[in-house]
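# Working through the structure, step by step
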Amino acid sequence: MSDEQTQTPPGTQTRRALLAGAGAVGAAVVLSACGSDDDTAGGSAPTSGGPGATGAGDAAGGNRDTSAPLARTADIPVGGGAVYASKGVVITQPEAGTFKGFDPICTHQGCPVSNVDGGTINCTCHNSKFSITDGSVKGGPATKPLAAKEIKVDGDQITLA
């Protein structure tokens, strides 16, 4: 033992471990109180005025019924769109009577896009923005466009092609 080291009495290490553990538990309790799911404490507000995701299912494809209507044409605003995550598509209407379909998965890190607002399809994970006309990147960090999805309009019904 060197001159600078001193021997600790028996039980000191146990008390230190106990106090360190208690401090860690206390910190965890304080940090977990930072978030709240209580709607009376401010609730959750939509991220934009645009339509949000209408479902949260199998974003990778899965077994979807491609013949079932996805939406009605009246559901898709001109200059906007809607996210149908459970059906694996974002539908937009860049100009009256023109409907476009896109993959709902952001090309940056695979997050599902969350809404269509302000003329863009938006991913709120990292704020990437894509054109409602062609899926091209309007704001990064994404560098690749959203993949197009073939849709079909029959009367007032929109389906996957």
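What you see is a predicted model, and the numbers here were worked out from it, not measured in a lab.

## Some remarks on the overall build of the chain
- Summing up its helical and strand segments, the chain has one helix and eleven strands in all.
- Starting at the N terminus and walking to the C terminus, you meet the elements of the chain as α-β-β-β-β-β-β-β-β-β-β-β.
- Within the chain, the fraction of its 161 residues that count as buried is 29%.
- A fraction of 45% describes how many contacts in the chain between residues 6 or more apart in sequence connect residues 24 or more apart.
- Accessible surface computed for the chain: about 9800 Å², of which carbon and sulfur atoms make up 53%.

## Quick look at the state of the cysteines
- Under the definition given, this model contains one disulfide.
- Through a disulfide, Cys111 is tied to Cys125; the S-S separation comes to 2.3 Å. In this structure the cystine formed by Cys111 and Cys125 twists about its S-S bond by roughly -105°; its chirality is therefore left-handed. Placement of the pair is Cys111 in the loop between β4 (98-102) and β5 (115-117) and Cys125 in the loop between β6 (120-123) and β7 (128-131), with a sequence separation of 14 residues.
- Here Cys106 stays free of any disulfide, with the sulfur of Cys123 as its closest cysteine sulfur at 3.9 Å.
- When its relative accessible area of 5% is taken as the criterion, Cys106 is described as buried.

## Looking at the side chain of Ser128
- With respect to the helices and strands, Ser128 occurs in strand β7.
- Once residues lying within four places of it in the same chain are set aside, the contact partners of Ser128 are Cys106, His108, Ile121, Asn122, Cys123, Gly139, Gly140, Pro141 and Ala142.

## Re the nonpolar core
- Within the largest apolar cluster, 14 residues are counted, with the highest numbers of intra-cluster contacts made by Val83, Val90, Cys106, Val113, Val116, Ile121 and Phe130.
- Look past the residues within four positions of Val90 in its chain and what remains in contact with it is Ala82, Val83, Lys100, Gly101, Phe102, Asp103, Pro104, Val113, Val116 and Ile121.
- With eleven residues, the next largest nonpolar core counts Leu70, Tyr84, Ile91 and Leu160 among its residues.

## Section: the pairing of β7
- Here β6 runs beside β7; their pairing, made up of four bridges, is antiparallel. Looking at the pairing, Asn122 lines up with Lys129 of β7.
- If you look at the hairpin formed by β6 and β7, you'll find four residues sitting between the two strands, and Asn127 has a positive phi there, around 70°.
- Bridging between β7 and strand β8 (residues 137-139) involves two bridges; their strand directions are antiparallel. By the bridge assignment, Phe130 is partnered in β8 with Val137.
- The turn linking β7 back onto β8 is made up of five residues, and Gly135 within it adopts a positive phi angle of 80°.

## Describing the confidence of the model for the chain
- Within the chain, residue pLDDT values average 73, and 58% of them lie at 70 or more.
- The model gives residues 27-63 a pLDDT under 50, and that stretch makes 35 contacts with residues more than four places away or in other chains.

## What about the environment of Asn122?
- Here Asn122 lies in strand β6.
- Residue class for Asn122 comes out buried when judged on its relative accessible area of 7%.
- Measuring from C-alpha to C-alpha, the distance between Asn122 and Pro104 comes to 9.8 Å, with 18 residues separating the pair along the chain.
- Here Asn115 takes part through its side chain, which lies 2.8 Å from a polar atom of the side chain of Asn122.
- A distance of 2.6 Å separates a polar atom in the side chain of Asn122 from a polar atom in the side chain of Thr120.

Conventions adopted
Residues numbered from 1 in each chain as written. Predicted model: local features only at pLDDT ≥ 70, side-chain atom pairs only at ≥ 80, totals over all residues. Heavy atoms only, no water. Helix = DSSP H or I, 4+ residues; strand = E, 2+ residues; numbered from the N terminus. Buried < 20%, exposed > 50% of the residue type's maximum accessible area, 1.4 Å probe, protein only. Contact = heavy atoms within 4.5 Å. Areas by Shrake-Rupley, 256 points an atom, 1.4 Å probe, with all protein chains shown as cover. Disulfide = S-S within 2.5 Å. Core = buried A, V, L, I, M, F, W, Y, C linked by side-chain atoms within 4.5 Å. Pairing = 2+ DSSP bridges. pLDDT = per-residue confidence, 0-100. Polar contact = N/O pair within 3.5 Å; in protein donor to acceptor, adjacent residues only side chain to side chain.

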